[in-house]
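Residue strings, one per chain:
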Amino acid sequence: LPDFLGENVISAAFHIRRGDKISWHESPKYPGEQYVEKLINATESKMVDHCFVASDDFLAVQEIQHALHRFQVKCSIHHMTELSERGFDAKKHKREAHAHDTSIIPQKTLAFMSQVDIMIHATYFIGAFNSNVVEMVTLQRKCVKKHTDADPMYANVHGVDRAAWYMR
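A quick note: this is a predicted structure, and the numbers were derived from the prediction, not measured.

Attention now goes to the environment of glutamate 82. Within the secondary structure, glutamate 82 is located in the loop between strand 3 (76-79) and helix 4 (90-99). Residue class for glutamate 82 comes out partly exposed when judged on its relative accessible area of 48%. Counting along the chain gives 26 residues from glutamate 82 to aspartate 56, while the straight-line C-alpha distance between them is 8.5 Å.

Another point: the packing of aromatic side chains. In the structure shown here, the tally under the stated rule is zero aromatic pairs. The positively charged end of arginine 70 is found above the aromatic ring belonging to phenylalanine 71, 4.9 Å away from the centroid.

Within a regular beta strand, the side chains point alternately toward one face of the sheet and then the other, so they alternate between its two faces. Extensive coverage of strand 1 (residues 11-16) is indicated by the burial of six of its six residues. Burial of the side chains of strand 1 extends over both faces: Ser11, Ala13 and His15 are buried on one face and Ala12, Phe14 and Ile16 on the other. Pairing analysis gives three bridges linking strand 1 to strand 4 (residues 124-127), with the strands arranged parallel. Bridging from a neighbouring strand, alanine 12 pairs with tyrosine 124 of strand 4.

All right, on to the sheet that holds strand 3 then. Pairing within the open sheet is parallel, and its five strands lie in the order 3-2-1-4-5. Two strands lie at the open edges of the sheet, namely strand 3 and strand 5 (157-159), each paired on one side alone. Going from strand to strand, the sheet's axes swing by 20° on average, the running direction of each strand aside. By the bridge criterion, six bridges tie strand 1 to strand 2 (residues 50-55) in an arrangement that is parallel. The partner of alanine 12 across the bridge, within strand 2, is cysteine 51. Docked against the sheet, helix 2 (residues 32-43) engages strand 1, strand 2, strand 4 and strand 5, running at close to 150° with respect to strand 4. Helix-sheet contacts for helix 3 (residues 58-70) involve strand 1, strand 2 and strand 3, and the interaxial angle to strand 2 is about 150°.

Parameters and conventions
Residues numbered from 1 in each chain as written. Predicted model: local features only at pLDDT ≥ 70, side-chain atom pairs only at ≥ 80, totals over all residues. Heavy atoms only, no water. Helix = DSSP H or I, 4+ residues; strand = E, 2+ residues; numbered from the N terminus. Buried < 20%, exposed > 50% of the residue type's maximum accessible area, 1.4 Å probe, protein only. Phe/Tyr/Trp six-rings, centres within 6.5 Å; stacked < 30°, edge-to-face > 60°. Lys NZ or Arg CZ within 6 Å of the ring centre and 35° of its normal. Pairing = 2+ DSSP bridges. Axes fitted to C-alpha atoms, helices over the stretch in contact; angles between N-to-C directions. Contact = heavy atoms within 4.5 Å.

Set out below in structure tokens:
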């Protein structure tokens, strides 16, 4: 993965939660176009060097790729989502963890923490505020990103579900 911290590098990170978040009706399914439109509105241009997609569903990665192409945002697209991933399911995960080798769990944890770090340090971050991950990243970005009190967003965080983040 590229260095998202370069002085002149403009990067965007998208967090797209699917799986049981959608099937359990905890969140509507926001299309990839909605995420990319938020990015375009935030940047006021289409000048982005790197786009990173953190998702539990490879189809969401493809949605972002198509939307970036459709809106002519020319960025290098990166992700850590496996082609076979189709959304996280907590019940299925628990069953598989008990029935299979659990040595993969540390690898998945390391991958998740790497994704979180990229989301924290990207220039722009777009996600749904109804996600615990997005809430955590939003708070951590406020600690590491330069911003002013006049900035209505928490260090360039933009939600597809509502305009601003607030503590629930």
